[in-house]
Amino acid sequence: MRNSNKDGLAVVTGASSGIGAVYADRLAALGHPLLLIARRANRLEALAAQLQNQHNIDVETLALDLTSADDLRTLEERLESDNVEVLVNNAGGGGLGPLSSTNGDKMEALVRLNIVAATRLSQAALGGFRQRGKGTLINLGSIIAFWPSATAAVYSGTKNYILNFTRSVAMEFEDTDIRIQVVMPGPVRTEFFSSQGMSDSVFPDEYYITADQLVDAALAGLEQGEIVTNPTMEDPKIWEDMERARANYFASVSSGKVASRYLST
Ligand SMILES: NC(=O)c1ccc[n+]([C@@H]2O[C@H](COP(=O)([O-])OP(=O)(O)OC[C@H]3O[C@@H](n4cnc5c(N)ncnc54)[C@H](OP(=O)(O)O)[C@@H]3O)[C@@H](O)[C@H]2O)c1
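Nothing here was measured: the structure is a model prediction, and the numbers come from that model.

Caption draft 1: Looking closely at the nonpolar core. The biggest cluster of nonpolar side chains holds 32 residues, and the ones touching the most others in it are Ile19, Tyr23, Leu34, Leu36, Leu51, Val88 and Ile138. For this core, the secondary structure elements donating two or more residues are strand 1 (9-13), helix 1 (18-29), strand 2 (34-38), helix 2 (41-55), strand 4 (84-89), strand 5 (136-140) and helix 6 (211-223). Here this core gets 7 residues from one element, more than from any other, and that element is helix 1. Beyond its immediate chain neighbours, meaning those up to four positions away, isoleucine 19 contacts Asn90, Leu140, Val188, Thr190, Ala211, Leu214 and Val215.

Here it is, written out as structure tokens:
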């Protein structure tokens, strides 16, 4: 057993590359023992060896496909039984392209990974957090939650789900010390696009930040007590305006009356 500053395990899904690998590094630097999840065992093992050496912590890896019900259950059981202090639900896919170029199985796999896995794992972790009165849940959303797109119908839908799901759960836990955050990245330089057979330059160069920048900003937002963190939004007033517009929308549709433009004259 190596020396860890923290007893609680930090679990990161999708730790074999990109944003997840950076979360693993930052949580290791804080002294958390780690449990790292992805499908590519070799990548996970290489990262684990590096983090063990650099940070003198215990790192366990589990090669799991989170679209598989059995593999997902394996991780849920670990979240239910272990002393987990942090869960980062980061594993995610894009399935980018028009709906006509995909098929039912691919769409279902994307929903299983981006929605079903994140939902079940959140619930499994929160049970232990509730019992111990502490814990941190971080879910990876995306700015595409607010941007319906002809080439990302399923992806944008799944990320909108993650936003609403995480915000709703945060309300349920608001009187506790449990921290719940949804992170809303814009374009980040990772393997996200190339792993789907797309160009690395889907967006102009200047739209991208690095995974290091993204995770450091997101962790700063977490420390500031944010539930929704928009790492690349300079002016927080934009978010406040969106929240006001959302409240106005809800007030206006709660009128109990059909809008006059839909009434026959
Ligand atoms: N990059 C961006 O521009 C961007 C923008 C907004 C939001 N995000 C979100 O950020 C998160 C991380 O993405 P990233 O940019 O770091 O992309 P990435 O480098 O492609 O990483 C995705 C991670 O998810 C894992 N993964 C994929 N399918 C999996 C499965 N079925 N089971 C288990 N693990 C699986 C991958 O590992 P294996 O292949 O080894 O399984 C990999 O570790 C995602 O939720 C993504 O939607 C990214």
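We are not done yet, so read on.
Caption draft 2: Quick look at the site of the ligand. The immediate surroundings of the ligand are formed by 30 residues, with Ser17, Arg39, Arg40, Tyr155 and Thr190 found nearest. Here aspartate 65 contributes a side-chain N or O atom positioned 2.9 Å from a nitrogen atom of the ligand. Between a nitrogen atom of the ligand and a main-chain N or O atom of leucine 66, the distance comes to 2.9 Å. Looking at the shell around the ligand, the elements that each hand over two or more residues are helix 1 and helix 5 (153-172). Among the residues making up the shell around the ligand, the classes are represented as 14 nonpolar, 11 polar and 5 charged.

Caption draft 3: Broad picture of unusual backbone geometry. Of note, the phi angle at asparagine 56 is positive, near 55 degrees, even though the residue is not glycine. Take asparagine 56: it is sitting in the loop between helix 2 and strand 3 (59-63).

Caption draft 4: How the structure looks around the packing of helix 1 against helix 6. Running from N to C, helix 1 and helix 6 point in directions that differ by 55 degrees, and their axes come no closer than 9 Å. The angle between the axes of helix 1 and helix 6 places the two elements in the oblique class. Both helix 1 and helix 6 take part in a crossing whose hand is right-handed. Two secondary-structure elements touch here, helix 1 through Gly18, Ile19, Val22, Tyr23 and Arg26 and helix 6 through Ala211, Asp212, Leu214, Val215, Asp216, Ala218 and Leu219. For the contact of helix 1 with helix 6, the class distribution of residues is 8 nonpolar, 1 polar and 3 charged.

Caption draft 5: The arrangement of the pairing of strand 6 (residues 179-183) in detail. With 4 of 5 residues buried, strand 6 lies mostly within the body of the structure. Considered for its hand, the β-α-β crossover made up of strand 5, helix 5 and strand 6 is right-handed. The sheet contact formed by strand 6 and strand 9 (residues 228-229) spans 2 bridges and is parallel. Pairing of valine 182 across the sheet is with valine 228, part of strand 9.

Parameters and conventions
- Residues numbered from 1 in each chain as written.
- Predicted model: local features only at pLDDT ≥ 70, side-chain atom pairs only at ≥ 80, totals over all residues.
- Heavy atoms only, no water.
- Core = buried A, V, L, I, M, F, W, Y, C linked by side-chain atoms within 4.5 Å.
- Buried < 20%, exposed > 50% of the residue type's maximum accessible area, 1.4 Å probe, protein only.
- Helix = DSSP H or I, 4+ residues; strand = E, 2+ residues; numbered from the N terminus.
- Contact = heavy atoms within 4.5 Å.
- Near = heavy atom within 4 Å.
- Polar contact = N/O pair within 3.5 Å; in protein donor to acceptor, adjacent residues only side chain to side chain.
- Nonpolar A, V, L, I, M, F, W, Y, C, P; charged D, E, K, R; others polar.
- Axes fitted to C-alpha atoms, helices over the stretch in contact; angles between N-to-C directions.
- Parallel < 35°, antiparallel > 145°, perpendicular 65-115°, else oblique.
- Left-handed = near helix turned anticlockwise from the far one by under 90°.
- Right-handed = clockwise from strand over helix to strand, strands pointing away.
- Pairing = 2+ DSSP bridges.

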